[in-house]
Amino acid sequence: MIIVMEPTATDVEVRQMVDRVEEAGLEAILLRGEVRKVIAAIGDKREAPLERWQAAPGVERIIPILSPYKLASREAAPGATAVRLDGQVIGRQKVQVIAGPCAVEDFDQTLTAARAVKTAGAAALRGGAYKPRTSPHSFQGLEEEGLKILRAAGDDTGLAVVTEVLSPEQVALVAGYADVLQIGARNMQNYMLLKEVGRAGKPVLLKRGISASVDEFLLAAEYVLKAGNSQVILCCRGIRTFEDHTRYTLSLGTVAYLKQATHLPVVADPSHGTGIRSLVAPMAKAAIAAGADGLIVEVHPEPERALVDGPQTLTCEEFARLMVELRPVAEAVGRTM
Ligand code: PEP
Ligand code: MN
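Source: prediction; values computed, not measured.

Rules used in this analysis
Every chain is numbered on its own, with residues counted from 1 as its sequence reads. Each chain is given a letter, starting from A, and each ligand a number, starting from 1, according to the order in which they appear as written. Since the coordinates come from a predicted model, pLDDT governs what is reported: local features require at least 70, and pairs of side-chain atoms require 80 or more to be given and counted, while whole-chain, interface and lining totals use all residues. Think of the side-chain values as coming from all heavy atoms in the structure, minus any hydrogens and water. Nitrogen, oxygen and sulfur within 2.8 Å of a metal are treated as its donors, or within 3.2 Å for sodium, potassium and calcium (Na, K, Ca); water is not counted, so a site can appear incomplete. A run of DSSP states H or I qualifies as a helix once it reaches four residues; a run of E qualifies as a strand once it reaches two. Both are numbered from the N-terminal end. Relative accessibility thresholds used throughout: buried, under 20% of the residue-type maximum; exposed, over 50%; partly exposed, between the two (1.4 Å probe, protein chains only). Definitions used throughout: a 1 Å grid over protein atoms alone; a cavity as a set of points that fits a 1.4 Å probe which cannot get out; a pocket as an open set with protein on both sides within 12 Å along at least five of seven lines; a lining residue as one with an atom within 4 Å of a point. Grid points are joined across faces, edges and corners, and a volume is the space filled by probe spheres set on the points. Three residue categories are used. Nonpolar comprises Ala, Val, Leu, Ile, Met, Phe, Trp, Tyr, Cys and Pro, charged comprises Asp, Glu, Lys and Arg, and polar comprises the others, including Gly. Pairing between two strands requires that DSSP report at least two bridges joining them. The angle between two axes is taken between their N-to-C directions and runs from 0 to 180 degrees, where each axis is a line fitted to C-alpha atoms and a helix contributes only its stretch in contact. Whether two residues touch is decided by their heavy atoms; if any such pair falls within 4.5 Å, the residues are in contact.

> Could you clarify how one ought to interpret the coordination of the manganese ion (ligand 2) in this entry?
Distances from the manganese ion (ligand 2) to its protein donors, namely Cys102 (SG), His272 (NE2), Glu298 (OE) and Asp309 (OD), fall within the range 2.0 to 2.3 Å. One chain supplies every donor for the manganese ion (ligand 2), spaced along it as C-x169-H-x25-E-x10-D. Residue His272 is located in helix α9 (residues 270-274), and its partner Asp309 is located in the loop between β14 (294-298) and α11 (316-332); the two are separated by 37 residues in the primary sequence. Given a relative accessible area of 7%, His272 falls into the buried group. Given a relative accessible area of 17%, Asp309 falls into the buried group.

> What's the story with empty space enclosed by the protein in this structure? I'm lost.
Any empty space left between the atoms is revealed when a probe the size of a water molecule rolls over them. A full pass over the atoms with the stated rule returns 1 cavity of 30 Å³ or more. Within this model, the largest cavity holds a volume of roughly 40 Å³. Looking at the largest cavity, the residues that line it are Arg208, Cys236, Arg237, Gly238, Ile239 and Ser251. For the lining of the largest cavity, the residue count by class is 2 nonpolar, 2 polar and 2 charged.

> What is the right way to read the sheet that holds strand β4 (residues 59-63) from this model?
Paired through their backbone hydrogen bonds, the strands of a sheet run either parallel or antiparallel. Ordered by their spatial adjacency, 4 strands build an open sheet running β2-β3-β1-β4, and the pairing between neighbours is antiparallel. Here the strands that pair on one side only, and so sit at the sheet edges, are β2 (27-32) and β4. Each neighbouring strand pair of the sheet contributes to a mean axis angle of 20°, computed without reference to strand direction. Sheet topology note: the β2/strand β3 (residues 37-42) ladder contains 6 bridges and is antiparallel. Bridging across to β3, Ile29 finds its partner in Ala40. Strands in contact with helix α1 (residues 11-23) are β1 (2-5), β2, β3 and β4; relative to β3, the strand with the most contacts, it is inclined by about 5°.

As structure tokens, this is what we get:
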């Protein structure tokens, strides 16, 4: 259950409530919202003296949470959680776009893409330095050299840097260069990795696994939240279905569903979600109309020469045009760009 403290509750009252929860044999996790604190009480609530807790000083109300994801559920944070993207935030009125190449290939390619997406209005630069490839024979990424290139391009443009981390051992290294740690679809249920990024103190972009249910997706987010990191962005990047005309199926119903079920920001990935360049713009617009807080889009100065994911990658010019076309869609649903 969630114990919502009054906005005026004192630190002592919050501390006393945490103690009462722990004395009842439940785990107490303190979540600090912008206006009020809430305490998630996790465990067998049959033991909890709810009526007495309800009357305790500083307590506003007690909300039972039936979903298996306690910390990610909408009730756990009155109001939506905003996640830091360097100087910007995602999860508020402004739709934020993260863009850049699938993989960092060299300095010029990354810097050219970074400058182009910045000029077009992106808030963050994406790019993989460690690539989880289906085949071990495919390009695996520039590794630390790629991280250095990304950081330089991020610093040059003022864009936040979003990049994937593949293993728990790499988290400290990647966190030394990146502003946001991306957990890829293939690693959504790598629980050691989720715990490690939860402890790293950097925002996390968590991609849905290609065959993960929504509950499994939210429970993966729950691992990061439980490790003490509430800065999680959920990313719908397409799932595997019997649809065979697109690379994956970008489930926009899930975007709308997640906006109701959780307080975390939700972004859509129309690049991996379709695998087809010409479908990126229409699905990007549809995602914003469905309530997405942002997008992650693959952009490369020369997609036909891209080492990874060229067929789904926009040119810099196509991306600039898309950003112009997205604005009226965002405004039509009460958002800004
Ligand atoms: C990527 O963002 O380039 C990527 C590998 O994504 P996913 O994990 O969704 O396949
Ligand atoms: Mn890619």
